[in-house]
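Examination of the molecular architecture
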Amino acid sequence: MARSAPKPLGELALIEQISRTFSSAGAARNKAVALGIGDDCAILRPPPGHEILVTTDFSLENRHFRRDLHPPASVGHRCLARGLSDLAAMGAAPLAAFLSLALPAKILRTRRGQRWVQDFLAGFHSLARQHNTPLAGGDTSESPADLILADIILIGSAPRGRSLRRSDAHPDDALYVTGSLGGAHAELSALLKRTHRSRSTASDSHPHLYPQPRLAVGSVLLRRHLATAAIDLSDGLSTDLTHLCESSGLRAEIDSSALPLHSLTAKLSRQDALHAAVHGGEDYELLFAAPTAMRIPRKIADVPITRIGTLHPPRAGKPLITLHHGGDISSELKPAGWQHFSS
Ligand SMILES: Nc1ncnc2c1ncn2[C@@H]1O[C@H](COP(=O)(O)OP(=O)(O)OP(=O)(O)O)[C@@H](O)[C@H]1O
Ligand SMILES: Cc1ncc(C[n+]2csc(CCOP(=O)(O)O)c2C)c(N)n1
Ligand SMILES: [Mg+2]
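Treat the numbers as computed from the prediction; the structure is a model and nothing was measured. (Residues numbered from 1 in each chain as written. Chains lettered and ligands numbered in written order. Predicted model: local features only at pLDDT ≥ 70, side-chain atom pairs only at ≥ 80, totals over all residues. Heavy atoms only, no water.)

Our focus in this paragraph is the pattern of salt bridges. Should the charged atoms of two oppositely charged side chains come close, the side chains can pair. Counting across every chain of the model gives nine salt bridges. Note that Arg214 and Glu285 form a salt bridge whose closest N and O atoms lie 2.8 Å from each other. Here Glu285 lies in the loop between helix H7 (270-279) and strand S10 (286-290) and Arg214 lies in the loop between helix H4 (183-192) and helix H5 (215-223), a separation of 71 residues in the sequence. On the accessibility criterion, Arg214 (18% relative accessible area) is buried. The salt bridge partner of Arg251 is Glu253, with a shortest N-O separation of 2.7 Å. Glu253 shares its class with Arg251; the two are buried. Here the salt bridges share partners, and the residues they tie into one network are Glu61, Arg67, Lys106 and Asp146. (Salt bridge = Lys/Arg side-chain N within 4 Å of Asp/Glu carboxyl O. Helix = DSSP H or I, 4+ residues; strand = E, 2+ residues; numbered from the N terminus. Buried < 20%, exposed > 50% of the residue type's maximum accessible area, 1.4 Å probe, protein only.)

Listed below in structure tokens is the structure:
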């Protein structure tokens, strides 16, 4: 016998559900939130001597995730992780998140749709708790199409004038990455070959479905004055290193054999593994520069750190990024990571 349709959720009931999820016992708290969900604005009080950092990122159905392939908890986790990773890149600590959500009316009319929303919020909430990031507000709207659209705004703070920028690397600085590269691309490629949704959960290692924003590493880099510049790897090393080089007015030399390849790339040919590591986006690792004389630990906050190359002053005839393959063989590395509007 067909089960009766559930009571459809309206805007207010949905906001109530969100508010309940994020104010439950064990929910993320932060002293900086003087007033959270429920009024026209939230009120934040950053710690004394700190300044505010703000970043915003879309998570759009069929651009950043597919409802038929990504578990809803992964969509919620990734939505928040994208913003947290930008804060990590600048060495900032999260104060609060704001979530703007447009949902197709249909989704709130079925039990399955309502469960999707509940699991999305649970995935978001679980990562928010891990990183002390309360949801302090947002906006809710009916989507004009049959597509789920989310935008995350992250507010963070860092000691005044101390945030890590892309533009402050020095000539002869060494370049490092956290964790490993290419895993997100490898996992996404495998997902795209499937015809049904993954059942993976955040407790497994899933670089695409559940990336871990490197907030603890960013905070150590800032606190211990280890790095001169940093960026997070959202669009791919080739594109994000280009941003760092251009912002700092430098060029880079990278050793391809030094790149820490994620174990998920082991099934690929050497060329495809390298392609995933260099051009595949969404690893959400950090790329940072540090003076060659600075002793950089092999691990920071339990995350492996690998030296991958060096920065140099620009020189006529030398490419912005040179990739060394061993012996005398090298090639120019052009930015070929993810770019919207390019396909
Ligand atoms: N529509 C927009 N209006 C104003 N500024 C924008 C707009 N889109 C991007 N920017 C700004 O451009 C800069 C680069 O944006 P981008 O989204 O590429 O950031 P990113 O951190 O390099 O990548 P990601 O979005 O993957 O985190 C940021 O300072 C961002 O605030
Ligand atoms: C269904 C689906 N197809 C492709 C991708 C890959 N992808 C989408 S956006 C992006 C770069 C970061 O985004 P942004 O530049 O918006 O921050 C990448 C690598 C995906 N995640 N899901
Ligand atoms: Mg970024």
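Now that the structure has been shown, we can carry on.
This part takes up the site of ligand 1. Within the structure, ligand 1 sits among Asp57, Asp86, Arg166, Ser234 and Asp235. In this structure, Arg166 approaches ligand 1 through a side-chain N or O atom, which is 2.8 Å from an oxygen atom. Considered on its own, ligand 1 offers 610 Å² of accessible surface; in the complex 31% of this is hidden by protein. Class assignment of the residues belonging to the shell around ligand 1 gives a composition of no nonpolar, one polar and four charged. (Near = heavy atom within 4 Å. Polar contact = N/O pair within 3.5 Å; in protein donor to acceptor, adjacent residues only side chain to side chain. Areas by Shrake-Rupley, 256 points an atom, 1.4 Å probe, with all protein chains shown as cover. Nonpolar A, V, L, I, M, F, W, Y, C, P; charged D, E, K, R; others polar.)

Here we come to the site of ligand 2. Residues in contact with ligand 2 amount to 15 residues; listed here are only the nearest, Arg63, His64, Asp235, Glu282 and His340. In the model, an oxygen atom of ligand 2 is placed 2.7 Å from a nitrogen or oxygen of the His340 side chain. Contact with the protein chains covers 87% of the free accessible surface of ligand 2, which is 520 Å². By residue class, the composition of the shell around ligand 2 is three nonpolar, five polar and seven charged. Inspection of the shell around ligand 2 shows a minimum of three residues originating in each of domain 1 (11-159) and domain 2 (174-332). (Domains from an automatic or database assignment.)

Despite not being glycine, Glu282 has its phi angle at roughly 70 degrees, a positive value. Within the element layout of this structure, Glu282 appears in the loop between H7 and S10. Although it is not a glycine, Phe341 sits at a positive phi angle of roughly 75 degrees. Judged by relative accessible area, Phe341 falls into the exposed class, the value being 88%.

This part covers the UniProt feature "binding site: Mg(2+) 1" (unreviewed entry) in the chain. Residues given the UniProt feature "binding site: Mg(2+) 1" (unreviewed entry) here are Thr56, Asp57 and Asp139. In sequence the annotated residues extend across 84 residues, while in space they remain close, none of their C-alpha pairs exceeding 14.4 Å. With respect to the helices, strands and loops of the structure, Asp57 is situated in strand S3 (residues 50-60). If near-sequence neighbours (up to four positions away) are discounted, Asp57 is found in contact with Arg82, Gly83, Asp86, Ala150, Asp151 and Ile152. Along the chain, the position of Asp139 falls in strand S5 (residues 135-142). (UniProt positions renumbered as here; feature names shortened; annotations may be inferred. Contact = heavy atoms within 4.5 Å.)

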